[in-house]
Amino acid sequence: MVFPTASVPLRYPVTALRLAMLSMLLLCAGAVQAQPILSLLPESTGCVSVLTSQAGGLYRACGPDWRFRRVAGAPDALPVALAESHRSLILGTRTGLYQRSSDQTGWQRLSDQPTGALACHGARCVVRPFGQGPQRLSDGRFSPPQVRGLPDQPLQQFVIAGDGALYGAGMGAGVLRLKPGSDAWQPVGSGLGNGNVLALVLADDGTLHAGTYGGGLYRLRPGEVRWQRLSGLQAVKVTALAVSADGSRVLAGVGDGVRESWDGGDSWRKVPELAGIPVLSLAFDGAGRAWAGTREGRLYRRQGEEWVRARFGNDLIVHQVASVGSGGLFVLMGDRLYRRPHPGADWQRIETPFPLTDGSVSLAVDAVGRLYLGSTRHPPRRLDSRTGEWGMSASGWPGPGGVRALRTGPEGVVYGIHADTGQLHRLDPEQDRWTPVEVGGALGHQLRNLRWLPGGHGVAWGPNDLVWLRPGEPWGHSRFAQLERGAPGLDADGMLWTRRQVTVFSLAPGEDRWRDDAIRHPLYGEAVVLTDGTELALTEDDRLVRLRRREDGTWVERNAYAPPGPPPYALTAAGGRVYLGTLDGLHELDPVHGTWRDITPPH
Amino acid sequence: MLLVFRSLIVAMLLALSVTLWWYPAATLVMVEPVAWGQLHEQQYAPRQRASPFLSSAVIEQSRQSRPFMPMAEFIQNQVGGAMLEVEAGEWSRELTGFDGDRTWMAPDRVPVTDPPRGWVHLALRDGEALDFYRLQWVDPLQRLGDIPSAQAHPFRGFPLLWACVGIVLVVMLALPVRESPAQASNLARGMRAGLGLLFFFLPLTLVSLWLSQRSAPDAVYALIVIGGMLALTGLVTALIFGRQYAWLRRLMAGEGLLAHWQLAPEQWRDFVQRDMRRSRGEKLARLVMVAVMAVVVGLGFVLFAPDRGAGLVVAGVLTGMVVLLALIVLLMPLWTRRRLLQALPQVWLGLEGVCIGHQAHHWSGLGSRLESARLQRGKQGRPARIELTYSGLRGVSSGRGVYVYRDQQNVVVPVPPGKEAEAEGVIARLRAGRGK
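Residues numbered from 1 in each chain as written. Chains lettered and ligands numbered in written order. Predicted model: local features only at pLDDT ≥ 70, side-chain atom pairs only at ≥ 80, totals over all residues.

Draft legend 1. View of the overall build of chain A. If you tally the helices and strands in chain A, you get one helix and 56 strands. Its C-alpha atoms put chain A at 85 × 75 × 50 Å along the principal axes. Considering chain A as a whole, with its 603 residues, one finds that 45% of them fall into the buried category. (Helix = DSSP H or I, 4+ residues; strand = E, 2+ residues; numbered from the N terminus. Buried ≥ 20, exposed ≤ 12 C-beta atoms within 10 Å, placed from the backbone.)

Here's what the structure looks like:
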């Protein structure tokens, strides 16, 4: 195609059109936030793996605490399907098929074809790449079976029977079987009144269950030739299906909830705890526990007689952690707030004055250990530690209006950015009053975030403004157009750095004019001071380093610690202890051995 | 009058026929079967075809950044949460034999009463089975190329109507009408052609204007412009020729008539033959001039154009134009001769113009004038003839404006033997009239 470069007059419109299309594609690509749980895989080890639609969204937990963690090193590709073969996980993604090595240390790419469907049984696997027919996978090698009878509609569900027979099903394709040694797919049974099969499950006793779109649930017992419609299930859209090993218990996701049967599908009852919740994946683990994953990325587990929500995904993200001088901790995790009065004590859940899902929430602790909590919709509140009651934080906060970022600065002074005006405020500890911070005489700057860097440097920034504080100096201000990439940092020479789109600016110590410069690595971001005078700082490339300041004002790295989980990170230190919140929990650093201890608050 | 009336009726009937033949249905429902499995597959399978605007790598990168959705979620996402489920019943019979990509139905034939703006996703239940369709209410004007013509143009389905129209047209055209010499003249024909043009394109333009209130395709707007211009052209033509036709009628009635001669058949045939040669000779001279210019310009393009291919195209177009002009130069005199031979061998000569058989020349219109008139006595026993030259203003449009020039026409008027003296007097009158 030569059109885009055929003539000069066309070049500019075509380029503009290209850019517009690219922008639209990028916008569309960036707009997706939901993390539906695509698949629940009870492993032969007794653990359960959970696959979400997010890139790298593979989680795993084992009993008895069922503490889900993101599987480290999982391919950073959008997942599609998950299976287990010979105690090894096989992950199908939009950009290829991966197998976890037997020592579970890394992933091997088996194929670069986008995976459409995947199923394994023992050493036998079947993979269907998008746009192609099913292929056998054995010992990492593919062998496309030369078979006839594939339907026009693609097969999207596969199960492999113990005898090697392969069952396939799909929307509009019905259920077909490829017997071992046969070269033709053949329809399974008769009487399947609806060929729009969304879910196919094979019980250990050979009973097939087919959940359809619009026709309900069908069952075909071994030896029978005709599908039986399970009319006791008062739902016609079965989007997910699970059958216990003995075939007696059946779970069916019906779009707006789950139905369960204890007699092999003859009679059904609604699961009240999951009423109205769209469930995408269901499973029974090896111990017969039932699991359900939802469109909203929530995970449920049947515990005794009732279904309970298992902590998973967003529930485990530590948004912020703040320490009290006495060693106490406050943790904002998921949509809950926890407190630990002192190291080793039990976690307590703190009731909050507003739901923590109402706006972007932040917290800070002042010099005397009082907790401040606010959100972009709610002004800062202060917790009375004696009564446990929440009150207004202090006078002087311009109302109405929430707070965008609460941070504890040097000497325990609390700072906050007004959510509406973008103005930086400081809580004066002597007057117990919020006062606007005078920033270089500039007014009307819209700030969004605030961070404390090594050496007591403070930076706050917004889309077009950057303000900074050097120890012993007043706040400075610079206006940058389109400061989208924000998050300024400090380098080992004490220079401040920030990015404006593709250009980089630096501010040398003692100067007040930013220079267009080339970036220098590493850049240190959020930092905390340790009792020995050193500082721990997070780097741009997600390391945690201990810094010692030289006499000339520069820094030198002494130790580096690999964070125990994926970002985003929340860092604090108290009484010589360092705490780091990650995507899936809270961890305490053992500075001697450089190891981490999981201290995530229990559910 | 009957001839004019016939022209108007035929033009309007033709316009009505064209309108009805083409007139699109008000609304149709496009019904497409939905194969969700294949749609889901297309969403995630790598694309084979590249876009002309984005490189395939960029597209693939974007597609790979689209999270996977299970089938039920995909359907939910595609239908926007709403899928109408209806019992197959009567409607399923409407789809019997539907094996193409889509079918079109009248709105009252589909089981949805409230037409939406966009798509309606329909699940057609037949017992336990569900078939999926998507429906879209479409103005057929937008999709004329896609819709079977019988559905897009509902009036085509009435053979009786078309038979009636055909009969009326044949009757109207075959109706024997006795033409007077004035009605048979080129001026009357020009006036009738102008009226026909006006009454054919004016209704079409009005219908197009009315259709443009719907979401009409570009062709409708083009028809408004072109039809409007042609209707206007017809009006102007009818007015010009109508005025001249009125003059001719007055002339033939004796008003301003200087001479009225009846020619012998032999002299008439001889005159017609000579006039054809003369006319052809004049036209050939112009053709040669145009051909020489075309050759020079064409060769220039072939030899000097930076793009040799484009130069050859220009030369080819010029050659074609010369060939077309040559055909016209050769055939037009033959056509004129044929018409003149069918006409009454009479000459009406007046101060404002002359009519020789069916062929009238009028020189007192806007910008026209008689340039010269002289009597040419016949040699070797041939009859005398009057040679007239008149001119009219012509305009040529170029990129910079309109150039007006004077175009001269030579007319030879046969003089019957023995009428030379009368002819002398006529010339004197003409010259006197020209001098006024």
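Next comes the rest of the account.
Draft legend 2. Main features of the overall build of chain B. Assigned secondary structure in chain B consists of twelve helices and twelve strands. Over its C-alpha trace chain B gives a radius of gyration of 34 Å, far above what one expects of a compact globule, namely 22 Å for 436 residues. Structurally, chain B occupies a C-alpha span of about 105 × 60 × 35 Å along its principal axes. For chain B, buried positions account for 24% of its 436 residues. (Rg over C-alpha atoms; globule rule 2.2 N^0.38 Å.)

Draft legend 3. Region of the structure containing the packing of helix α1 (residues 2-22) of chain B against helix α8 (residues 186-211) of chain B. All names here are of chain B. Following both chains from N to C, one finds α1 and α8 inclined at 30°, their axes separated by 8 Å at the closest point. Taken together, α1 and α8 sit at an angle that is classed as roughly parallel. In the packing of α1 onto α8, the handedness of the crossing is right-handed. Taking contact as the criterion, the partners of L3, V4, S7, L8, V10, A11, M12, L14, A15, L16, V18 and T19 in α1 are, on α8, R192, L195, G196, F199, F200, P203, L204 and V207. Looking at the contact of α1 with α8 residue by residue, the class counts come to 16 nonpolar, three polar and one charged. (Axes fitted to C-alpha atoms, helices over the stretch in contact; angles between N-to-C directions. Parallel < 35°, antiparallel > 145°, perpendicular 65-115°, else oblique. Left-handed = near helix turned anticlockwise from the far one by under 90°. Contact = placed C-beta atoms within 7 Å. Nonpolar A, V, L, I, M, F, W, Y, C, P; charged D, E, K, R; others polar.)

Draft legend 4. Up close: the nonpolar core. If you look at the biggest cluster of nonpolar residues, it comprises 178 residues, and the most contacted ones within it are A119(A), Y167(A), L241(A) and L282(A). The dominant element in this core, judged by the number of residues it contributes, is strand β17 (residues 197-202) of chain A, at six residues. Filtering out sequence-adjacent residues up to four positions away, Y167(A) remains in contact with F158(A), V159(A), A161(A), V175(A), R177(A), V188(A), L200(A), L202(A) and L208(A). By size, the runner-up hydrophobic cluster in this structure holds 48 residues, among which are A11(B), V354(B), C355(B) and L370(B). (Core = buried A, V, L, I, M, F, W, Y, C linked by C-beta atoms within 7 Å.)

Draft legend 5. Highlighting the sheet that holds strand β16 (residues 186-187) of chain A. All names here are of chain A. Strand order in the open sheet made by the four strands is β13-β14-β15-β16, with antiparallel pairing throughout. Bordering the open sheet on either side are β13 (157-160) and β16, each of which pairs with just one other strand. Sheet topology places strand β15 (residues 174-178) next to β16; two bridges connect them, and they run antiparallel. If you follow L176 over to β16, its bridge partner there is P187. (Pairing = 2+ DSSP bridges.)

Draft legend 6. Broad picture of the pairing of strand β1 (residues 37-42) of chain A. Residue and element names in this part refer to chain A. Counted residue by residue, β1 has six buried out of six residues, so it is predominantly covered. Relative to strand β2 (residues 48-52), β1 is paired through five bridges, and the arrangement is antiparallel. The residue bridging L40 from the neighbouring strand is V50, located in β2. Linking β1 back to β2 in an antiparallel pair, the connection comprises five residues, with G46 at a positive phi of about 95°.

Draft legend 7. Fine view of the confidence of the model for chain B. Taken over all residues, the pLDDT of chain B has a mean of 86, while the share at 70 or more is 93%. In the predicted assembly, ipTM is 0.80 and pTM is 0.73. (pLDDT = per-residue confidence, 0-100.)

Draft legend 8. Looking closely at the packing of helix α2 (residues 36-44) of chain B against helix α4 (residues 71-79) of chain B. Residues and elements named next belong to chain B. Across the interface, α2 lies against α4 with an axial gap of 10 Å and an inter-helix angle of 90°. Regarding the angle of α2 to α4, the classification is roughly perpendicular. Contact with α2, carried on its side by W36, H40 and Q43, involves M71, F74 and I75 of α4 and no other residues of that element. Its residues assigned to classes, the contact of α2 with α4 shows four nonpolar, two polar and no charged.

Draft legend 9. View of the pairing of β2(A). All names here are of chain A. Across the five residues of β2, five count as buried, placing the element largely inside the fold. Alternating residues of β2 divide into V48, V50 and T52 and S49 and L51, and every residue in both groups is buried. Across four bridges, the pairing between β2 and strand β3 (residues 58-61) is antiparallel. What sits directly across from V48, in β3, is A61. Counted between consecutive antiparallel strands, the loop separating β2 from β3 contains five residues, among which G56 sits at a positive phi close to 70°.

Draft legend 10. Structural detail: the sheet that holds strand β40 (residues 433-436) of chain A. Residues and elements named next belong to chain A. Ordered in space as β37-β38-β39-β40, the four strands form an open sheet in which the pairing is antiparallel. The strands lining the two open edges of the sheet, one partner per strand, are β37 (403-408) and β40. On average, adjacent strands in this sheet sit at an angle of 25° to one another, irrespective of strand direction. Here β37 pairs with strand β38 (residues 414-418) via five bridges, running antiparallel. Bridging from a neighbouring strand, T408 pairs with V414 of β38.

Draft legend 11. Spatial organisation of the environment of A246(B). Here A246(B) lies in helix α9 (residues 218-252). As a C-alpha pair, A246(B) and A188(B) span 58 residues in sequence and 9.0 Å in three-dimensional space.

Draft legend 12. Main features of helix α11 (residues 308-342) of chain B. All names here are of chain B. Look at α11: 51 Å from first C-alpha to last across 35 residues, which is about the 51 Å you get at 1.5 Å a residue. Along its length, α11 reaches its greatest deviation from straightness, about 25°, at L331, and the proline P333 lies no more than four positions downstream. Contacts from the buried residues of α11 go to α10 (265-304) and β9 (359-362). (Expected span 1.5 Å × (residues − 1). Bend = angle between axes of the 7 residues up to and from the residue.)

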